[in-house]
Amino acid sequence: MAKGQVKKTFLKPLGKENPVFVQILGICSTLAVTNKLENTFVMTLGVMFTTTLSNFTLSLLRNYIPSRIRMMVETMVIATYVIIVDIVLRAYYPDIWRQLGPYVGLIITNCIIMGRAEAFALNNTPGLSLIDGLSTGIGYAYVLLVIAFFRELLGTGQIWGIQVLGSWWTNWSIMVMPPGAFFMLAIFIWIVKGAVIKEQ
Amino acid sequence: MKKDSFFALRIFPLIFMAAVTIVCISVVTGIFLSTEDRVRSNEQLFLRKAVLAAAGISFPDDDFTEVERIFEERISVRNGWYAASLADGVQGFILPITGAGLWGPIEMMLGFSEDLDAMTGISILSHNETPGLGARIEEPWFLEQFRGKSGPFEMVQEGTAQADNEIDGITGATRTTVAVGEIVNRGVSSAPDILKRGE
């Protein structure tokens, strides 16, 4: 495994090929779970875990999976990891599990994970796939955490549940409601695409 | 094995899928079974804390065995509700109730004093309200307001509650607040009937 390739694989999903703000994938969860930083953090850990291990597992199996049923196998493997996340949260972090509700289960349908399995894991070695899965998870996580940071701050005056803005601050209720997610995501994409990644 | 033989096209995928399914299900089942007890005791602890909170009995939030001990000592389970022995020998009643919130059902525990004329507290078991807005019904300052007051309640603007039956609502979560008020009021009016059955 060439070192340059590892680095390239790792860096791509963080910037130029970011799943959220470049490929515009996984938007449903970006909108749904970003109104509290703590919940977002747990959610992104779950996605990171799933996308890393499902990429790795599917890459191990890639030479044996009959191509006609590859999507069934992908879904099965992804679902297995997601259910593991769900069970572990439920057993060890019941409060967070209660707050995230159905969203953990919905990681299964996150198109980023299936997308990486199809586009990367089936054509690359397990080691590279693992790195790709991990960095895709990180690329997803940091975007969500930035959005959640601003939504929680503007919407409730808090960061990670701790009050940081004084009583002079009027909460922007819209920020913690679904429309606030659209605004924040659009602003985020606008800034990144306008200032950081210039269109060719 | 030829790439396009009958076996490769029709049979092998079936066997492969079955094998993957069996492996995946075994893993998930194993993890589920190994955490089952823990999950169950989490749920029981959560329920017991909710009952104690509604009865107005204080408990240490993070001490599992202490919560269990207090519950065993003070609460007895009846037919669909709970009886609590409050301070100085007075009895209290705790009833579960469910009603419509803004996005989904809200499950609560309502605590009443012996003659049903005042509330000892309320607690929330589950809800689907908006985090940061409606979900603030879980915050202690909101729930504490019901303690010692008697229904039917009227939900008023945040910071303006004065009369004995007025409760501060939550700004930005009017409909959730009103829903909670309605559920509690329904509980207040149906409590005598529920308590009659299964004494």
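So, here is what we can say about the structure in this document. (Residues numbered from 1 in each chain as written. Chains lettered and ligands numbered in written order. Predicted model: local features only at pLDDT ≥ 70, side-chain atom pairs only at ≥ 80, totals over all residues. Heavy atoms only, no water.)

Below, the discussion takes up the interface of chain A and chain B. In this assembly, 24 residues from chain A lie in contact with 25 residues from chain B. There are one salt bridge connecting chain A and chain B. At the junction of chain A and chain B, the tally comes to four residue pairs in polar contact (both at pLDDT 80 or more). Elements supplying a minimum of two residues to the side of chain A that touches chain B: helix H4 (70–92), helix H5 (94–100) and helix H8 (173–176) of chain A. With eleven residues, H4 of chain A is the largest single contributor of residues to the side of chain A that touches chain B. Each residue belonging to the side of chain A that touches chain B can be placed in one class, and the counts come to 16 nonpolar, four polar and four charged. (Contact = heavy atoms within 4.5 Å. Salt bridge = Lys/Arg side-chain N within 4 Å of Asp/Glu carboxyl O. Polar contact = N/O pair within 3.5 Å; in protein donor to acceptor, adjacent residues only side chain to side chain. Helix = DSSP H or I, 4+ residues; strand = E, 2+ residues; numbered from the N terminus. Nonpolar A, V, L, I, M, F, W, Y, C, P; charged D, E, K, R; others polar.)

With that settled, the discussion passes to the sheet that holds strand E5 (residues 119–126) of chain B. Residues and elements named next belong to chain B. Pairing within the open sheet is antiparallel, and its five strands lie in the order E1-E2-E3-E4-E5. Each of the sheet's edge strands pairs with one partner strand only, and the pair in question is strand E1 (75–77) and E5. Here the average twist between neighbouring strands, direction ignored, is 25°. Pairing analysis gives six bridges linking strand E4 (residues 105–113) to E5, with the strands arranged antiparallel. What sits directly across from Met 109, in E5, is Ser 123. In this fold helix H1 (residues 6–55) packs onto E1, strand E2 (82–85), strand E3 (91–100), E4 and E5, with an angle of close to 155° to the strand it touches most, E5. (Pairing = 2+ DSSP bridges. Axes fitted to C-alpha atoms, helices over the stretch in contact; angles between N-to-C directions.)

Proteins that are soluble and globular tend to have nonpolar side chains buried together. Formed by 33 residues in total, the largest nonpolar core has its most connected members in Val 20, Ile 107 and Leu 185 of chain A. Non-local contacts of Leu 185 of chain A, meaning those with residues more than four positions away in its chain, are made with Val 20, Ile 27, Thr 30, Leu 31 and Ile 147 of chain A. In this structure, Val 176 of chain A together with Phe 142, Ile 170 and Val 184 of chain B belong to the second largest nonpolar core, which totals 29 residues. (Core = buried A, V, L, I, M, F, W, Y, C linked by side-chain atoms within 4.5 Å. Buried < 20%, exposed > 50% of the residue type's maximum accessible area, 1.4 Å probe, protein only.)

Everything listed is a geometric property; what it means functionally is a separate question.
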